[in-house]
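Okay, here's what each chain looks like letter by letter:
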Amino acid sequence: MPISINPMMMRQIIMDHYEHPHNKRTPTNDKYLKINMNSESCIDNIDVFLLVENGIVKDCCFDGIGCTISTASTSIMTDLVIGKTIEEAYNIIDNYRKMIHEDEFDDELLEEAIVFINTSKQASRIKCATIGWNGLNELLDESKGDKHE
């Protein structure tokens, strides 16, 4: 494991973000881009919202119903991208995906998202751990008017 974090601490971070998610709200400003993400295999049905101004993520939030993993990972994701450039946000998403799929990644860039490092060991949880991130990626594409993979 690239950082020294024990399994109990990882569980605690996940539970804290599930029980007290950051940036969980529906914005009232119509300048936000919005995407609905849902899963047929889980209860996850969340809306992800993104506000980009001058190439900077000014705000990222979400609302809806999600399991522990999707709620916690999306909460952490919003914390990581607010204030970042679009390219920095893409880089964070790319590193998160690399971690999920057991490729080399920058653990310092992911901060608390590192708690999902073992997700690949439970294949059924990969969609839960990435649903918000995939929504954000699509919104970033929309904000730029193109497609980024």
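Parameters and conventions
Residues numbered from 1 in each chain as written. Predicted model: local features only at pLDDT ≥ 70, side-chain atom pairs only at ≥ 80, totals over all residues. Heavy atoms only, no water. Pairing = 2+ DSSP bridges. Helix = DSSP H or I, 4+ residues; strand = E, 2+ residues; numbered from the N terminus. Axes fitted to C-alpha atoms, helices over the stretch in contact; angles between N-to-C directions. Core = buried A, V, L, I, M, F, W, Y, C linked by side-chain atoms within 4.5 Å. Buried < 20%, exposed > 50% of the residue type's maximum accessible area, 1.4 Å probe, protein only. Contact = heavy atoms within 4.5 Å. Expected span 1.5 Å × (residues − 1). Arc of directions from axis to C-beta. Polar contact = N/O pair within 3.5 Å; in protein donor to acceptor, adjacent residues only side chain to side chain. Patch = residues over 30% accessible without salt bridge, like charges linked within 9 Å, V, L, I, M, F, W, Y side chains within 5 Å. Areas by Shrake-Rupley, 256 points an atom, 1.4 Å probe, with all protein chains shown as cover. Salt bridge = Lys/Arg side-chain N within 4 Å of Asp/Glu carboxyl O. Lys, Arg positive; Asp, Glu negative; His and termini not counted. Charge placed at Lys NZ, Arg CZ, Asp CG, Glu CD. Phe/Tyr/Trp six-rings, centres within 6.5 Å; stacked < 30°, edge-to-face > 60°.

Peer 1: What is the right way to look at the sheet that holds strand 3 (residues 56-65) in this model?
Peer 2: Pairing between the strands of a sheet is mediated by backbone hydrogen bonds and can be parallel or antiparallel. Pairing is antiparallel across the open sheet formed by 3 strands, whose spatial order is 1-2-3. In this open sheet, the two edge strands, each paired with only one partner strand, are strand 1 (33-38) and strand 3. Pairs of neighbouring strands in the sheet enclose a mean axial angle of 20°, with direction left out of account. Pairing geometry for strand 1 and strand 2 (residues 45-53), over 6 bridges, is antiparallel.

Peer 1: Mind showing me how you'd approach the nonpolar core here?
Peer 2: It is characteristic of soluble globular proteins that their nonpolar side chains tend to be buried jointly. Residues Tyr96, Phe116 and Leu140 are the most contacted members of the largest nonpolar core, which totals 39 residues. At 8 residues, the largest contribution of residues to this core is made by helix 3 (residues 86-100). In this view, tyrosine 96 contacts Ser73, Leu110, Ala113, Phe116, Ala129, Thr130 and Trp133; residues no more than four positions away in its chain are not counted.

Peer 1: Looking at this structure, I do not really get helix 1 (residues 7-19). What am I missing?
Peer 2: One turn of the α-helix equals 3.6 residues, which is why residues spaced by three or four share an orientation. With 13 residues, helix 1 ought to run about 18 Å at 1.5 Å a step, and its terminal C-alpha atoms sit 18 Å apart, in line with that. Inspection of helix 1 places Met10, Ile13, Ile14 and His17 among the buried residues, and these make up the whole buried set. In an axial view of helix 1, the angular spread of the buried residues amounts to 95°, which keeps them on one side of the axis. Taken together, the buried residues of helix 1 touch helix 2 (68-81). If you check the start of helix 1, you find a side-chain oxygen 3.0 Å away from the backbone N of methionine 8, and it comes from asparagine 6.

Peer 1: Just checking my understanding: could you explain the environment of proline 27 for this structure?
Peer 2: Along the chain, proline 27 falls in the loop between helix 1 and strand 1. Looking at proline 27, the relative accessible area reads 15%, which means it is buried. For the pair formed by proline 27 and isoleucine 65, sequence separation is 38 residues and the distance between their alpha carbons is 16 Å. When sequence neighbours within four positions are dropped, the list of residues in contact with proline 27 reads Tyr32, Phe49 and Cys61.

Peer 1: Would you mind showing me how to read a negative patch on the surface here?
Peer 2: On the surface, a cluster of negative charge is contributed by Asp16, Glu19, Asp79, Glu111 and Glu112. Along the chain, the position of aspartate 16 falls in helix 1. Taking relative accessible area as the criterion, aspartate 16 reaches 35% and is therefore assigned partly exposed.

Peer 1: Any chance you could explain the packing of aromatic side chains here in plain terms?
Peer 2: Remark: the centre distance and the inter-plane angle together describe each pair of aromatic rings, the angle taken between the planes. Scanning all chains against the criterion turns up 2 aromatic pairs. Taken together, a centroid distance of 6.5 Å and an interplanar angle of 70° make the contact between tyrosine 96 and phenylalanine 116 edge-to-face. In this pair, tyrosine 96 is assigned in helix 3 and phenylalanine 116 in the loop between helix 4 (107-110) and helix 5 (126-144), connecting sequence segments 20 residues apart. Each member of the pair, tyrosine 96 as well as phenylalanine 116, carries the same accessibility label: buried. Judged by centre distance (3.7 Å) and plane angle (5°), the ring pair of tyrosine 96 and tryptophan 133 falls under stacked. You can see tyrosine 96 sitting in helix 3 and its partner tryptophan 133 sitting in helix 5, a full 37 residues away along the chain. Site record: aromatic cluster; members linked through ring pairs are Tyr96, Phe116 and Trp133.

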